[in-house]
Amino acid sequence: MNTTYNDGAYYEQGTAAERWERARMFFDARDYAAAARVLGGLVEEVPEQTGPRLLLARSYYHSAQLRRAEAELRIIVERDPVEHYARLMLGRTLERQGRQSEADTHLRIASALAGEVTERS
């Protein structure tokens, strides 16, 4: 069988490590939709791992799939409330959806986790 890039099988081929590398190459090449296709299956296979899920959320964010990005980020934050970058990304994702009051909470937590001091008005 001759596998082509567009038939979907390409995204699912190889070991988890090979797919992780493929997803990172797509992400680095700014092909966020392709990265998300590879990462979707990988996250299903290893749902407990934060790295693939966070890169999936970032891929969704950069390809303007904001609801999907939010869902993945909420899973990460629920599992690890002190995951700084997931908090920051969740805040930014909510901002892009026009949900500033929700975003502010996560952005403040992300700042606190990073040790940043914010001025109060």
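The model shown is predicted, which means the values in this text are computed figures rather than measured ones.

1. Brief notes about the environment of Glu 102
Point 1. Looking at where Glu 102 falls in the secondary structure, it is placed in helix α7 (residues 100-114).
Point 2. As a C-alpha pair, Glu 102 and Leu 90 span 12 residues in sequence and 9.4 Å in three-dimensional space.
Point 3. Those residues within four positions of Glu 102 in sequence are excluded, and the remaining contacts are Arg 74 and Leu 94.
Point 4. Polar contacts involving the side chain of Glu 102 include one to the side chain of Arg 74, which spans 3.5 Å.
Point 5. For Glu 102, the side chain forms a polar contact with the side chain of Arg 99, separated by 2.9 Å.

2. A few points about unusual backbone geometry
Point 1. A positive phi is found at Arg 30, a non-glycine position, where the angle reads about 65 degrees.
Point 2. Within the secondary structure layout, Arg 30 lies in the loop between α2 (16-28) and α3 (32-45).
Point 3. Here the phi dihedral of Ala 64 falls at roughly 60 degrees; this positive angle occurs in a residue that is not glycine.
Point 4. Along the polypeptide, Ala 64 turns up in the loop between α4 (50-62) and α5 (66-79).

Conventions used here
Residues numbered from 1 in each chain as written. Predicted model: local features only at pLDDT ≥ 70, side-chain atom pairs only at ≥ 80, totals over all residues. Heavy atoms only, no water. Helix = DSSP H or I, 4+ residues; strand = E, 2+ residues; numbered from the N terminus. Contact = heavy atoms within 4.5 Å. Polar contact = N/O pair within 3.5 Å; in protein donor to acceptor, adjacent residues only side chain to side chain.

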